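Observations on chain architecture
Listed below, chain by chain, are the residues.
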Amino acid sequence: MTTTLFNLQREHIAHLQRAYSEILADNGLDSLAIYSGHASVHFADDHAPPFQAYGHFIHWVGLADVQHSWLVIQPGERPQLYLYAPADFWHLPTQLPKEPWVAAFDVHLCSDKISPPLTGNAAIIGDIERLATNAQLASKAAIQPEAVVKALDELRLFKTPYEIACLREANRLAIAGHQAAQAAFIGAASELDIQLAYLAASRQRESAVPYQNIIGLNNHAGVLHYQHYDLNAPKQRYSLLVDAGRRFRGYCADITRTYAGPDAPAAFGELVTAMQGLKDELVKGIAPGVSFVALHEQMHHHLGELLVAHNLFKGSAEQAVAEGVTRAFCSHGLGHSLGLQVHDVAGLRHPDGTPAPAPEQHPALRLTRTLRPGMVVTIEPGLYIINMLLAPLRNTSLPINWQLVDQLAPCGGIRIEDNVAVTESGFDNLTP
Ligand code: GLY
Ligand code: MN
Ligand code: MN
């Protein structure tokens with residue numbers, strides 16, 4: 001661990017201690033127990049799907065796969081970690097990392113699944129629905145008090161320098177995977193082989209990915225959350241879209257790259273280059289005080305210009321936006337908050353916790369906040385040929401170049417996604 005990361009983590013923990021003390025005091029609480037969560041086994045089996053711990057738990061300890069464990073926070077006291085570590089010859093015992101948080105905590109290794117010790121006015125947060133002790137806990141503490149969870153979500157929205165350093169490292173590791181994926185595509189690999197190349201180069205097993213990697217060749221690039229990996233490479237190679245991440249100490253990278261293949265029409269390669277330019281342009285728009293909704297609307301304006309410039313729309317950019325053409329080509333939001341969850345918390349709230357829902361015309365937008373220093377967001381403009389969304393426009397008189405649309409359809413779509421921190425004076429693109 002570098003001295004910088006070491007010191008930054010110590011400062012991060014001190015910051016959490018101060019912030020939690022304030023939030024507990026504001027809510028009249030003496031103690032707060034945070035449950036890590038646990039995986040449920042498959043029905044009638046003893047195996048469980050990959051697990052991701054509760055974000056507010058990882059915020060302190062950075063361990064994204066810890067289960068059946070508790071963290072108890074009391075103002076002015078050392079954090080108490082009750083780490084489930086059974087004597088078990090089937091599994092390797094839980095190992096603590098060599099990180100400064102360990103020295104700042106009292107760590108109790110528990111051979112059994114425990115209930116947390118609660119003092120005074122207590123609250124519990126986390127996924128305790130399936131705990132056998134649920135009712136018993138509810139009698140002793142407030143469960144999931146909304147004001148507390150909202151305040152802690154708000155805290156997570158603003159990253160400490162330590163968290164930004166972790167997100168930058170997650171990006172560095174993920175980019176190595178993206179480079180290997182591109183090389184595999186050039187080598188005519190299948191989706192599965194591109195995925196395996198990505199995992200190997202980004203040094204992670206599949207169960208550790210922060211979200212299921214999207215590896216779409218050809219028309220699969222136009223399925224927004226395409227969920228399969230074809231075993232065989234297609235004969236024609238029009239395009240590849242890779243939306244793939246990596247965790248570092250719990251923090252997630254969420255990066256997308258799109259490539260034109262040897263069989264793509266020249267227009268597709270030109271569109272990929274234009275979308276990379278659009279991503280860069282939108283990244284430059286990030287600064288404190290900027291409304292993310294306004295930046296999303298700016299993306300649509302630029303998409304309108306791009307459709308006109310590339311002969312996909314024979315009207316004006318303004319008409320393309322006003323008539324919903326840009327929304328048919330890009331139905332998702334400009335981006336979202338990023339942190340311990342890929343789609344991080346508090347994106348659709350005002351600072352006081354009241355709801356700030358997505359605009360009616362842009363229901364998929366996951367972030368409606370005004371940008372402030374410390375926020376980390378994704379910027380991910382897209383352009384897709386999705387028949388389900390474009391078909392209703394075919395029966396209109398809108399001047400869409402359907403011939404070109406049909407020519408581009410085998411390429412699926414384009415998304416370019418970077419991870420960007422908001423700084424005091426502008427932005428810091430964490431994606432190398
Ligand atoms: N990887 C999911 C997203 O970009 O939001
Ligand atoms: Mn993504
Ligand atoms: Mn994203």
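Refer to the structure printed above.
This section reports on the structure supplied with the text. (Residues numbered from 1 in each chain as written. Chains lettered and ligands numbered in written order. Predicted model: local features only at pLDDT ≥ 70, side-chain atom pairs only at ≥ 80, totals over all residues. Heavy atoms only, no water.)

1. Here we look at the layout of surface pockets
Counted as a void, the largest pocket has a volume near 1,700 Å³. As for the largest pocket, its lining consists of 43 residues, of which Phe 51, Asp 65, Val 66, Gln 67 and His 91 are closest to the centre. Examining the composition of the lining of the largest pocket, we find that three residues originate from one element, strand S8 (residues 239–248), more than from any other. When its residues are assigned to classes, the lining of the largest pocket shows 21 nonpolar, 12 polar and 10 charged. Counted as a void, the second largest pocket has a volume near 420 Å³. Lining the second largest pocket are 22 residues, with Leu 224, His 225, His 343, Arg 366 and Glu 380 positioned closest to its centre. The class makeup of the residues in the lining of the second largest pocket is seven nonpolar, nine polar and six charged. (1 Å grid on protein atoms, 1.4 Å probe; cavity = no way out; pocket = protein on both sides within 12 Å on 5 of 7 lines; lining within 4 Å. Points joined across faces, edges and corners; volume = space filled by probe spheres on them. Helix = DSSP H or I, 4+ residues; strand = E, 2+ residues; numbered from the N terminus. Nonpolar A, V, L, I, M, F, W, Y, C, P; charged D, E, K, R; others polar.)

2. Here's the deal with the coordination of the manganese ion (ligand 2)
Tetrahedral coordination by four donors puts the ideal angle at the metal at 109.5 degrees, and octahedral coordination by six puts it at 90 or 180 degrees. Note on the manganese ion (ligand 2): its protein donors are Asp 243 (OD), Asp 243 (OD), Asp 254 (OD) and Glu 417 (OE). The metal-donor distances range over 2.0 to 2.4 Å. Considering all six donor atoms around the manganese ion (ligand 2), angles at the metal cover 57 to 169° and the coordination shape is irregular. A separation of 3.3 Å is found between the manganese ion (ligand 2) and the manganese ion (ligand 3), which are bridged by Asp 254. Here the residue Asp 243 occupies a position in strand S8, and Glu 417 occupies one in the loop between strand S12 (413–415) and strand S13 (418–422), the gap between them amounting to 174 residues. (Donors = N, O, S within 2.8 Å, 3.2 Å for Na, K, Ca; no water. Tetrahedral: all angles 85-135°; square planar, octahedral: opposite > 155°, others 65-115°.)

3. What about the site of ligand 1?
As a matter of local geometry, ligand 1 sits amid Tyr 211, Asp 243, Asp 254, His 336, His 343, Glu 380 and Glu 417. In the model, an oxygen atom of ligand 1 is placed 3.0 Å from a nitrogen or oxygen of the Glu 380 side chain. Between an oxygen atom of ligand 1 and a side-chain N or O atom of Glu 417, the distance comes to 3.2 Å. Protein chains shield 92% of the accessible area of ligand 1, which is 200 Å² for the free molecule. (Near = heavy atom within 4 Å. Polar contact = N/O pair within 3.5 Å; in protein donor to acceptor, adjacent residues only side chain to side chain. Areas by Shrake-Rupley, 256 points an atom, 1.4 Å probe, with all protein chains shown as cover.)

4. Some words on the pattern of salt bridges
Counting across every chain of the model gives 16 salt bridges. The residue Lys 159 makes a salt bridge to Asp 344 at a minimum N-O spacing of 3.1 Å. You can see Lys 159 sitting in the loop between helix H5 (146–157) and helix H6 (161–186) and its partner Asp 344 sitting in the loop between helix H11 (325–329) and strand S10 (376–379), a full 185 residues away along the chain. For Lys 159, a relative accessible area of 8% translates into the label buried. Residue classification places Asp 344 among the buried positions, given a relative accessible area of 9%. For Glu 380, the salt bridge goes to Arg 415, with nearest N and O atoms at 3.9 Å. Taken together, the residues Glu 380 in the loop between S10 and strand S11 (382–384) and Arg 415 in strand S12 connect sequence positions 35 residues apart. Each of Arg 257, Lys 279, Asp 280 and Asp 418 takes part in a single network of salt bridges with overlapping partners. (Salt bridge = Lys/Arg side-chain N within 4 Å of Asp/Glu carboxyl O. Buried < 20%, exposed > 50% of the residue type's maximum accessible area, 1.4 Å probe, protein only.)

5. A few points about the coordination of the manganese ion (ligand 3)
All of the protein donors around the manganese ion (ligand 3) are Asp 254 (OD), His 336 (NE2), Glu 380 (OE) and Glu 417 (OE); their distances to the metal are 2.0 to 2.2 Å. Note that the manganese ion (ligand 3) binds six donor atoms; their angles at the metal cover 50 to 157°, and the shape is irregular. Between consecutive donors of the manganese ion (ligand 3), the numbers of intervening residues give the motif D-x81-H-x43-E-x36-E.

It is worth stressing that arrangement in space is one thing and function is another; only the former is reported here.
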